[in-house]
Structure formats: C-alpha cells, structure tokens
Protein chains: 2
Amino acid sequence: MEKGKPTNGYLDLKINRKSYEPAYIQLVNIIKQQISLGVFRPGDKLPSESKLCKEYKVSPMTVRRAVNILIDQAVANAVQGSGTYVNSINLGSAAFHLKGLQEFFLDESTTVKILEVRIVPAKDRASKKLAVGRGEPLILIRRLLLKDDEPFFYHKEYLIYDPTRPIVESELEVTSLRGLFSGTGSSEFKNGELGIEATVISSEEAKVLKAETGTAAFLLEHIFYDFNQSPVSWGWFICRGDKLSFTTTVGIQETL
Amino acid sequence: MEKGKPTNGYLDLKINRKSYEPAYIQLVNIIKQQISLGVFRPGDKLPSESKLCKEYKVSPMTVRRAVNILIDQAVANAVQGSGTYVNSINLGSAAFHLKGLQEFFLDESTTVKILEVRIVPAKDRASKKLAVGRGEPLILIRRLLLKDDEPFFYHKEYLIYDPTRPIVESELEVTSLRGLFSGTGSSEFKNGELGIEATVISSEEAKVLKAETGTAAFLLEHIFYDFNQSPVSWGWFICRGDKLSFTTTVGIQETL
DNA sequence: TAGTGGTCTAGACCACTTA
DNA sequence: AAGTGGTCTAGACCACTAG
C-alpha cells in the first residue's frame with residue numbers, strides 16, 4: 001500500500017461532521033461498504049487504527065469504537081500485535097432472535113384464552129425441573145394464545161405453589177406474557193433458560209390448535225428462576241410449524 | 001440515596017487494578033452482581049455515570065464502556081437526560097445461536113458422504129431463489145453428514161452452474177461446510193439468509209437419515225450471495241428433531 | 001437550570017506479533 | 001525494534017429530561 005494514499009481507493013469516502021449520524025457509525029458503514037464492494041476481501045487486513053485515524057481525521061477512541069462494532073458483528077476479528085482481519089461468512093456466528101414473537105405478543109389482536117387453572121401434584125419431570133418433591137402441589141395453567149381469533153400458541157405452564165400468595169387474575173391474562181416478551185412486566189423472575197425443539201403435534205395439542213395430529217410444530221420450552229435462583233416456572237409453548245419460522249442473515253449486510 | 005455513600009450497600013466491591021481482568025469488565029460484573037443480589041431491581045435507576053466514576057475511581061470512558069456492555073446484553077437500558085434503568089427479563093431479546101452446529105462441523109468424527117452430484121434443470125422454486133430462468137442448468141448436490149458414522153444431517157443444495165469453473169472435489173467435502181460454519185473457508189459468499197422451520201421427515205429423507213417418516217425434524221434453509229449480490233447457492237439441511245435442539249438464557253446470568 | 005447520557009478528543013502505557 | 005491492538009485517562013461539548 002502506497003503511503004499517504006487513502007485505503008478506500010476510488011471511493012474516498014469521508015466522515016460528514018454535520019450528519020446526525022455519529023462519526024463512529026459512519027466509519028462502520030464506510031468500512032462495511034468497502035468490504036461489500038470488494039475493496040477489502042475476507043482474510044485481508046484492515047488498515048491499522050492509526051492509519052484510519054489519519055485517513056478519516058478522527059481520534060483513536062472513535063476508530064476503536066467503530067472497529068469494535070465490526071468485531072461484535074462478526075464482520076472482522078482482531079489479532080493483538082498483528083492486525084484486524086476481515087472474516088469469511090460464518091454460519092456459526094448466526095443467531096435467531098425471538099423479536100418476531102415479541103411483536104406477536106405486542107399485537108393488539110393477540111388474545112389469551114385460559115383453558116385451565118388448577119392445583120396438581122408434581123409428577124416426575126415437573127418435580128425435577130422445579131426442584132420440589134414428587135406429589136407436592138403445583139399450579140398448572142393451560143392457555144391458548146390467539147391472533148385474530150385463530151389459535152396460534154398452546155401454552156402449558158407449571159408454577160411453584162405459594163399458599164401465601166394467591167393467583168392474581170392479571171397474571172393469567174395476555175399482559176403477563178406480553179410483559180415477559182417485551183421486558184415491561186413485573187420483576188418476579190431474575191433469569192431463565194429457553195430451548196427450541198422440533199416436534200409433532202399430539203392429539204391434545206391438535207384439538208386446541210385446530211391442527212392435525214402428526215403435523216410439524218415448534219416447542220419452545222422455558223424455565224424461570226427468581227432472585228434466589230429457585231425455579232418458579234416451567235412450561236412450554238407449542239406452535240404449528242406452518243405458522244412460525246425464524247430467519248436471520250449472515251455476512252455483510254447492505255448499509256441501511 | 002445518601003450522598004457519598006457507596007451505592008452498592010454492604011457489598012462495597014472495588015476494582016482490582018492488578019487483576020488480569022480489565023476495569024470495565026470488573027465493573028460490569030460488579031453491577032450485574034448487585035442486580036443479581038437485588039441491590040438494584042428491574043425498573044431501578046442505576047447510579048449516574050459521574051457517580052460510578054467517583055465510586056470506583058475510574059474515568060468516564062471506562063464507566064461508559066461498562067454501561068454500554070450492560071445495555072448490549074439487554075440488562076439495562078439508557079434514557080438520555082434521565083438515567084440508566086435495569087430491565088425486566090425479556091424473552092424478546094433472547095437469541096438462539098448456531099455455535100452448537102459449528103462444533104458439530106469442527107468435530108473430528110464428522111464426515112460427509114456425497115449421495116449425488118449432477119446437473120439438473122431449474123424448477124419453480126430453485127429458479128426463483130437463484131434468479132435463473134426455468135429449465136436453466138443448476139448443480140444439485142445431495143450430501144449426508146455423519147457423526148461417528150451415524151447420519152445426522154441431510155443436505156440438499158442447488159448451485160449456479162458456471163461452465164467456466166468446474167466443480168472441484170474439495171468443494172464437496174466436509175471441509176467446505178466446515179469453512180462455512182467456522183468462517184475459515186474461502187470467500188465465495190458475501191452474505192446469506194438463513195431460516196429455521198419445523199417439519200416432518202419425508203420418505204426420501206427418512207431413508208437416508210435412518211429415521212421414520214413423519215417424525216419431527218428441523219429444516220435449516222440457506223441462500224448465499226456472492227460479491228455482486230447474485231444468489232449462488234440455495235438449499236437446506238434436515239436434522240432429526242430428537243438429535244438437535246437450541247438453547248439459550250435470558251436475564252441476569254451468574255458471574256462466571 | 002441542573003443533571004443525565006451520547007459523543008469525541010489527544011494523548012498515554014501495555015502486551016503482543018512480526019521481522 | 002517497530003508496529004499492532006487493548007486499555008485507560010481527564011477532560012470537553014452537546015442534546016435531552018425533569019423539576
């Protein structure tokens with residue numbers, strides 16, 4: 001590379017100081033665009049931070065921040081003492097987000113039908129998951145979540161039974177699940193574990209979901225812990241496979 | 001809050017300057033631990049950045065960095081001019097990563113069996129996805145991915161046929177897929193789209209996967225684009241539902 | 001108007017890699 | 001030894017929120 005020449009070749013993009021976009025975001029986009037156009041290819045070394053400072057006339061911290069964003073996005077990786085390199089496309093860095101489900105729960109036309117609420121003795125799996133003795137009382141809630149009056153999710157949940165804290169009506173309604181998915185809810189739970197499995201619809205599920213037994217479905221299992229790290233809720237959502245899918249992207253995305 | 005008192009109550013944790021852990025990471029963990037212990041509850045306002053500076057004797061940029069990490073992790077959210085607030089648990093921020101699949105492909109015992117490679121005329125779906133005319137030639141590759149000689153994935157892939165670039169043997173082997181999942185491969189693709197669906201195993205798939213028709217399976221669809229943003233590869237992986245699941249966590253995790 | 005977060009500067013020192 | 005990324009300082013100015 002010739003000294004003093006801009007590393008972005010014929011593009012010669014600059015940081016616009018008057019833009020509402022912060023300098024570091026602009027720099028991220030400039031570098032991404034160059035990768036997108038093939039100026040920098042996977043495996044190539046990006047210009048060093050000091051070069052980028054000079055070229056775009058920004059301070060080291062600003063370059064640093066931009067480069068860190070590229071690394072966060074798995075666009076590049078840094079090797080201390082050596083340089084920052086452009087990554088190849090990497091499926092291992094891909095992730096499927098549940099934001100789509102969040103939108104489902106926030107939707108106005110989403111409603112909840114309580115199918116059943118009762119106290120049941122803990123069986124094998126539930127007693128293990130919720131760390132209570134077998135036969136101990138648990139609250140079982142079965143819900144049907146509808147969108148535009150069409151069944152969408154079937155939800156089965158076991159809760160620790162606390163006789164000092166009666167079940168409040170509002171905890172059963174759509175708002176409670178909405179809160180879980182949007183983070184606006186109460187703060188009963190400290191953390192939780194989620195799992196997604198592929199399954200087929202059982203006869204029990206088929207009935208409430210208006211689907212046929214044996215068709216494909218997603219099972220989203222959840223377990224939530226309180227601030228003492230004790231499990232308080234275990235259950236799962238079932239959704240017909242033809243009504244739900246998860247999508248994501250990998251590699252360099254076009255600048256929005 | 002009383003002036004001059006540490007905001008972390010009886011804990012009174014400090015930044016250890018001699019630790020190999022950077023100050024900002026220590027600060028992230030200190031704040032997380034306080035949330036975990038209930039010192040700060042969901043909805044609470046965290047101490048302002050200037051307070052944290054004084055309390056932990058670090059510069060504004062270091063506090064900033066720590067707080068930004070908490071925000072990235074969806075542990076807190078910032079409101080300009082108001083403060084930084086602790087989030088409730090939020091399923092919408094959860095994400096399922098494909099790192100598990102990456103490990104599968106990097107495993108030594110993972111092998112690939114090529115079931116078929118041939119030129120086929122583009123049918124409806126493939127011609128749309130790959131943006132070629134119907135009947136145009138495409139390369140069809142059918143692979144079986146095995147772990148410890150047990151079938152794991154069935155992969156069907158359509159590639160743009162380029163007569164000037166013959167199919168190279170190495171592109172068919174496990175290494176090519178390994179590269180895709182680990183980011184160590186060549187750089188044919190600029191980006192791609194992925195989708196996960198729940199499905200049931202067809203008779204064709206059941207045969208090669210040694211599974212029964214009608215059992216649950218994941219379908220991981222992919223389409224990859226080259227540096228001209230032209231689609232070059234479309235296909236999907238099928239995996240038995242009982243051999244694959246995705247897990248993740250939400251909320252505050254215990255400090256490791 | 002005071003306090004807050006959002007951005008940015010212009011350096012510094014260190015650990016590490018490469019030659 | 002020179003260059004690189006990793007961390008950190010001690011401020012600054014701005015836009016925004018709230019009382």
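Cut-offs applied
Residues numbered from 1 in each chain as written. Chains lettered and ligands numbered in written order. Predicted model: local features only at pLDDT ≥ 70, side-chain atom pairs only at ≥ 80, totals over all residues. Heavy atoms only, no water. Near = heavy atom within 4 Å. Polar contact = N/O pair within 3.5 Å; in protein donor to acceptor, adjacent residues only side chain to side chain. Helix = DSSP H or I, 4+ residues; strand = E, 2+ residues; numbered from the N terminus. Contact = heavy atoms within 4.5 Å. Buried area = accessible area lost by both parts, 1.4 Å probe. Salt bridge = Lys/Arg side-chain N within 4 Å of Asp/Glu carboxyl O. Nonpolar A, V, L, I, M, F, W, Y, C, P; charged D, E, K, R; others polar. Pairing = 2+ DSSP bridges. Buried < 20%, exposed > 50% of the residue type's maximum accessible area, 1.4 Å probe, protein only. Axes fitted to C-alpha atoms, helices over the stretch in contact; angles between N-to-C directions.

**Student:** Sorry if this is basic, but what is going on with the protein's contact with DNA strand D here?
**Tutor:** Around DNA strand D sit 25 residues, and of these Met61 and Arg64 of chain A together with Ala23, Thr62 and Gln80 of chain B come closest. Those atoms of DNA strand D that come within 4 Å of the protein belong to sugar or phosphate at a rate of 70%. With respect to DNA strand D, the side chain of tyrosine 24 of chain B contributes an N or O atom lying 3.0 Å from a phosphate oxygen. Sorting the residues of the surface near DNA strand D by element identifies α2 (49-56), α3 (60-72), β1 (76-79) and β2 (83-86) of chain A together with α1 (23-36) and α3 (60-72) of chain B as the ones contributing at least two each.

**Student:** Would you mind going over the interface of chain A and chain B with me for this structure?
**Tutor:** Note on interface size: it is often stated as the accessible area lost on association of the parts. Facing 60 residues of chain A, the contacting portion of chain B comprises 59 residues. Together chain A and chain B conceal approximately 4,600 Å² of surface at their shared face, both sides included; 60% is due to carbon and sulfur atoms. When the buried area of chain A at its contact with chain B is split by residue, Ile89, Leu91 and Phe96 of chain A rank highest and sum to 15% of it. Along the contact surface separating chain A from chain B lie 0 salt bridges. Linking chain A to chain B there are 21 residue pairs in polar contact (both at pLDDT 80 or more). Elements with a minimum of two residues in the side of chain A that touches chain B: α1 (23-36), α3, β3 (95-97), α4 (99-106), α6 (174-182), β7 (191-200), β8 (216-225) and β10 (246-251) of chain A. Here the side of chain A that touches chain B gets 10 residues from one element, more than from any other, and that element is β7 of chain A. Tallied by class, the residues present in the side of chain A that touches chain B amount to 25 nonpolar, 28 polar and 7 charged. Note: β7 of chain A against strand β10 (residues 246-251) of chain B, 6 bridges, orientation antiparallel. What sits directly across from isoleucine 196 of chain A, in β10 of chain B, is phenylalanine 246 of chain B.

**Student:** For this particular structure, what's the right way to read the environment of serine 233 of chain B?
**Tutor:** Residue and element names in this part refer to chain B. Within the fold, serine 233 resides in strand β9 (residues 231-240). Classification of serine 233 as buried rests on a relative accessible area of 0%. Separated by 66 residues in sequence, serine 233 and isoleucine 167 place their C-alpha atoms 13 Å apart. Each residue touching serine 233, except ones within four places of it in the same chain, is listed here: Leu130, Glu157, Tyr158, Leu159, Phe189, His222, Ile223 and Phe224. At 2.8 Å, the side chain of serine 233 and the side chain of glutamate 157 are in polar contact.

**Student:** What is the right way to read the sheet that holds β8 of chain A from this model?
**Tutor:** With antiparallel pairing, the 7 strands of this open sheet are ordered in space as β4(A)-β5(A)-β6(A)-β9(A)-β8(A)-β7(A)-β10(B). The open sheet is flanked by β4 (110-121) of chain A together with β10 of chain B, the only strands paired with a single partner. Sheet twist, expressed as the average angle between the axes of neighbouring strands with direction ignored, equals 20°. With respect to the sheet, α6 of chain A is in contact with β4, β5 (137-147), β6 (150-160), β8 and β9 (231-240) of chain A, its orientation differing from that of β4 of chain A by roughly 100°.

**Student:** Can you walk me through the protein's contact with DNA strand C in this structure?
**Tutor:** The immediate surroundings of DNA strand C are formed by 25 residues, with Ala23 and Thr62 of chain A together with Met61, Arg64 and Gly81 of chain B found nearest. Considering the 4 Å shell around the protein, atoms of DNA strand C inside it are sugar or phosphate in 68% of instances. One of the side-chain nitrogen or oxygen atoms of arginine 65 of chain A is found 2.9 Å away from a phosphate oxygen of DNA strand C. In the model, a phosphate oxygen of DNA strand C is placed 2.9 Å from a nitrogen or oxygen of the glutamate 49 of chain B main chain. Here the surface near DNA strand C takes 4 residues from α3 of chain A, the largest share from any one element.

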